[in-house]
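# Breakdown of the fold
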Amino acid sequence: VIGNVKENLVPIILRKMQSKKPSTAAQSQAEIEHSLSEPDDVFADYGELMKQFTQVTVFATAVPLGALLAAVNNLIELWSDMFKYCKNQRRVLPRRVITIGSWAS
């Protein structure tokens, strides 16, 4: 819960505080999106879910209710990350690559 608050509410509060400063002209949509924070590493979110999966698997016999609690936590995390990537961060800039890597084989 604390991580979700830190990831989602803190940027909103900071953006509201910055928007109270007087501006000379109305901002376009591109300027508003540029003022958002840089995108985070998506692999860190995946790593967090994998860590939780291994803990649920290891301790399944000791805590049978753990799988249900983990599923509820994953739903909350899913909605939190969706909000974070859609509303609080810039879009990821596409970049050209030569091949599609390991997906080619």
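This text gives an overview of the structure that appears in the document.

What counts as what
- Throughout this document, residue positions are counted from 1 along each chain, in the order its sequence is written.
- Only residues with pLDDT of 70 or above have their local features reported here, since the model is predicted, and side-chain atom pairs are shown and tallied only from 80 upward, although totals for entire chains, interfaces and linings are computed over all residues.
- Side-chain metrics rest on all non-hydrogen atoms present in the structure, leaving aside hydrogens and water.
- Interaxial angles span 0 to 180 degrees and are taken between N-to-C directions of axes, which are lines fitted to C-alpha atoms, for helices over the stretch in contact.
- Going along the chain from the N terminus, every DSSP run of H or I of four or more residues is numbered as a helix, and every run of E of two or more is numbered as a strand.
- Note on angle classes: values under 35 degrees are labelled roughly parallel, values over 145 roughly antiparallel, values of 65 to 115 roughly perpendicular, and the remainder oblique.
- The contact criterion used is simple: two residues touch if any of their non-hydrogen atoms lie within 4.5 Å.
- Three categories are distinguished: nonpolar for Ala, Val, Leu, Ile, Met, Phe, Trp, Tyr, Cys and Pro, charged for Asp, Glu, Lys and Arg, and polar for the others, with Gly belonging to the last.
- Criterion for a salt bridge: a side-chain nitrogen of Lys or Arg within 4 Å of a carboxyl oxygen of Asp or Glu.
- Buriedness of a pocket was judged along seven lines, with at least five required to meet protein on both sides within 12 Å; pockets are open sets of points on a 1 Å grid over the protein atoms alone, cavities are sets where a 1.4 Å probe fits but cannot get out, and lining residues have an atom within 4 Å of a point.
- Grid points are joined across faces, edges and corners, and a volume is the space filled by probe spheres set on the points.
- Under the scheme applied here, a residue whose accessible area is under 20% of the maximum for its type counts as buried, over 50% as exposed, and between as partly exposed, the area being computed with a 1.4 Å probe on protein chains only.

With that out of the way, let us pick up the packing of helix 3 (residues 42-58) against helix 4 (residues 66-88). Interaxial distance between helix 3 and helix 4 falls to 11 Å at its minimum, and their mutual angle equals 175°. Considering the angle they form, helix 3 stands roughly antiparallel to helix 4. Residue-level contacts link Val42, Asp45, Glu48, Leu49, Gln52 and Val56 of helix 3 to Gly66, Ala67, Ala70, Asn73, Asn74, Glu77, Asp81, Lys84 and Tyr85 of helix 4. By residue class, the composition of the contact of helix 3 with helix 4 is six nonpolar, four polar and five charged.

Turning our eyes to something else, we now look at the pattern of salt bridges. Applying the stated criterion to the full structure yields three salt bridges. Here the residues in one salt-bridge network are Asp45, Asp81 and Lys84, joined through shared partners.

Here we come to the layout of surface pockets. The space that makes up the second largest pocket amounts to roughly 170 Å³. Together, Val42, Asp45, Tyr46, Leu49, Asn74, Glu77, Leu78, Asp81, Met82 and Tyr85 line the second largest pocket. Of all elements in the fold, only helix 3 and helix 4 reach the threshold of two or more residues within the lining of the second largest pocket. Sort the elements by how many residues they give to the lining of the second largest pocket and helix 4 lands first, with six residues. Split by residue class, the lining of the second largest pocket holds six nonpolar, one polar and three charged.

Attention shifts here to the environment of isoleucine 32. Mapping isoleucine 32 onto the fold places it in helix 2 (residues 29-34). Given the relative accessible area of 35%, isoleucine 32 is considered partly exposed. Here the alpha-carbon distance between isoleucine 32 and arginine 90, two residues 58 residues apart in the chain, equals 9.6 Å.

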